[in-house]
Amino acid sequence: LAKTTQPISMDSYEGQEVNITCSHNNIATNDYITWYQQFPSQGPRFIIQGYKTKVTNEVASLFIPADRKSSTLSLPRVSLSDTAVYYCLVGAGAAGNKLTFGGGTRVLVKP
Amino acid sequence: GAGVSQSPSNKVTEKGKDVELRCDPISGHTALYWYRQSLGQGLEFLIYFQGNSAPDKSGLPSDRFSAERTGGSVSTLTIQRTQQEDSAVYLCASRWAGTGGTDTQYFGPGTRLTVL
């Protein structure tokens, strides 16, 4: 699995947009980029997945440049409840893939 | 069910005892994973089941750890002769692994294991 690098922590305020960039320089052609969110004492929760360009759902947007060596998770207008750890992962869509989670980015949303 | 369930939610045991942790995956999901997460750390892969194929046990830290999946559904992770370093949250995830399936795994709430 491609190694990922993301900031250890980020602070923000309610109502602001939070952007978390993940580097994955050795991403493979058939790798997808997936982001998970984890609250304390809970299992990770799937947020969004993409392959290229831009993906948007009701929770977040994912921006992927043409070279796919990085990706940016964008959380619009965060609230206190968005305080969590966010993990970026890359991996192939084939069966047998096991996720390798790094340390993630701890996002703290302040009032 | 609607999501992945795990039991028990918390388990406190004494060093040297055996423990069994249970995972009920999402109905229809053929792939099942076990991970563990130590305090403040990322997830560590333990074992992976896919249909009737031999499981990928490459992440099991020692031979005290084993897992089985009966009938392609429920899975049990067994830790024998528990040690204090086994204390962690054990997470189970399942995934639909049909043709064209991607990496999306759905996690249960985890079992918090404390070895005294």
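See the structure printed just above.
All residue numbers here refer to positions counted from 1 along the written sequence of the relevant chain. Just so you know, chain letters begin at A and ligand numbers begin at 1, following the order they were written in. For this predicted model, a pLDDT threshold of at least 70 governs which residues receive local features, and a threshold of 80 or more governs which side-chain atom pairs are given and counted, while totals over whole chains, interfaces and linings are taken from all residues. Calculation of side-chain values draws on the structure's entire complement of heavy atoms; hydrogens and water are dropped beforehand.

Caption draft 1: Up close: the overall build of chain A. Comment: elements are numbered from the N terminus, with helices defined as DSSP H or I runs of at least four residues and strands as E runs of at least two. When helices and strands are tallied, chain A shows zero helices and nine strands. Along the chain direction, N to C, the helices and strands of chain A fall in the order β-β-β-β-β-β-β-β-β. Only protein chains enter the area calculation, which uses a 1.4 Å probe; residues under 20% of their type maximum are buried, those over 50% are exposed, and those in between are partly exposed. The burial tally for chain A puts 45% of its 111 residues in the buried class. What makes two residues a contact is simply this: any of their non-hydrogen atoms within 4.5 Å. Pairs at least 24 apart in sequence give 56% of the contacts found in chain A among residues at least 6 apart. Accessible surface for chain A amounts to roughly 5,400 Å². Of this, 52% is attributable to carbon and sulfur atoms. Computed by Shrake-Rupley with a 1.4 Å probe, the accessible areas treat only the displayed protein chains as cover when residues are assessed.

Caption draft 2: The arrangement of the packing of aromatic side chains in detail. Residues and elements named next belong to chain B. Pairing of aromatic rings covers Phe, Tyr and the six-membered ring of Trp, with a centre-to-centre limit of 6.5 Å; geometry is then stacked below 30 degrees between planes, edge-to-face above 60, and tilted otherwise. Applying the stated criterion across every chain yields a total of seven aromatic pairs over all chains. Summarising the aromatic geometry, the rings of Tyr33 and Tyr48 are spaced 4.6 Å apart at their centres and angled 35 degrees between planes, so their arrangement reads as tilted. Within this pair, whereas Tyr33 is found in strand E4 (residues 31-37), its partner Tyr48 is found in strand E5 (residues 43-50), the two being separated by 15 residues in sequence. Its relative accessible area of 0% is what places Tyr33 among the buried residues.

Caption draft 3: How the structure looks around the pairing of strand E6 (residues 65-69) of chain B. Residues and elements named next belong to chain B. Every second residue of E6 is oriented toward a common face, the buried set being Phe65, Ala67 and Arg69 and the non-buried set Ser66 and Glu68. Note that E6 and strand E7 (residues 75-79) share five bridges and pair antiparallel. The partner of Ala67 across the bridge, within E7, is Leu77. For two strands to count as paired, DSSP must find a minimum of two bridges between them.

Caption draft 4: Representation of the state of the cysteines in the model. Whenever a pair of cysteine sulfur atoms sits within 2.5 Å, that pair is classed as a disulfide. According to the stated counting rule, one finds two disulfides over all chains in the structure shown. Paired by a disulfide, Cys22 of chain A and Cys88 of chain A hold their sulfur atoms 2.2 Å apart. Across the disulfide from Cys22 of chain A to Cys88 of chain A, rotation about the S-S bond amounts to roughly -80 degrees, and the bridge is consequently left-handed. Separated by 66 residues along the polypeptide, Cys22 of chain A in strand E2 (residues 18-23) and Cys88 of chain A in strand E8 (residues 84-92) bring together distant segments of the chain. Considered together, Cys22 of chain A and Cys88 of chain A belong to a single accessibility category, that of buried residues. Covalent S-S linkage joins Cys23 of chain B and Cys92 of chain B, the inter-sulfur distance amounting to 1.8 Å. Between Cys23 of chain B and Cys92 of chain B the disulfide shows an S-S torsion of about -65 degrees. By sign, it is left-handed.

Caption draft 5: The arrangement of the sheet that holds E7 of chain B in detail. Residues and elements named next belong to chain B. A sheet is described by the order of its strands in space; here four strands give the open sequence E1-E3-E7-E6, paired in antiparallel fashion. Sheet topology places strand E1 (5-7) and E6 at the edges, where each strand pairs with a single neighbour. Averaged over all adjacent pairs, the angle separating strand axes in this sheet is 15 degrees, with direction ignored. In the sheet, strand E3 (residues 19-24) pairs with E7 via five bridges, with the strands oriented antiparallel. Opposite Val19, over in E7, you have Ile79 as the bridge partner. The convention used is that axes are lines fitted to C-alpha atoms, helices contributing only their stretch in contact, and that angles between N-to-C directions extend from 0 to 180 degrees.

Caption draft 6: Representation of the pattern of salt bridges. By definition here, a salt bridge exists when the distance from a side-chain nitrogen of Lys or Arg to a carboxyl oxygen of Asp or Glu is within 4 Å. In the structure shown here, the tally under the stated rule is four salt bridges over all chains. A salt bridge links Lys110 of chain A to Asp11 of chain A; the nearest nitrogen and oxygen atoms lie 3.2 Å apart. Of this pair, Lys110 of chain A sits in strand E9 (residues 105-110) while Asp11 of chain A is found in strand E1 (residues 9-13), placing the two residues 99 residues apart along the sequence. Overall, the relative accessible area of 28% leaves Lys110 of chain A in the partly exposed class. We note a salt bridge from Arg22 of chain B to Asp24 of chain B, for which the minimum N-O separation is 2.8 Å. With relative accessibility at 37%, the residue Arg22 of chain B sits in the partly exposed group.

Caption draft 7: Spotlight on unusual backbone geometry. Here the residue pair Ser7 of chain B and Pro8 of chain B is connected by a cis peptide bond, since its omega of -10 degrees sits within 30 degrees of zero. On the secondary structure map, Pro8 of chain B appears in the loop between E1 and strand E2 (10-13). Of note in this structure, Ser41 of chain A is not a glycine but carries a positive phi near 65 degrees. Its place among the elements puts Ser41 of chain A in the loop between strand E3 (31-38) and strand E4 (45-50). Since its relative accessible area comes to 62%, Ser41 of chain A is described here as exposed. Even without being glycine, Arg81 of chain B reaches a positive phi, approximately 45 degrees. Mapped onto the fold, Arg81 of chain B is located in the loop between E7 and strand E8 (88-95).

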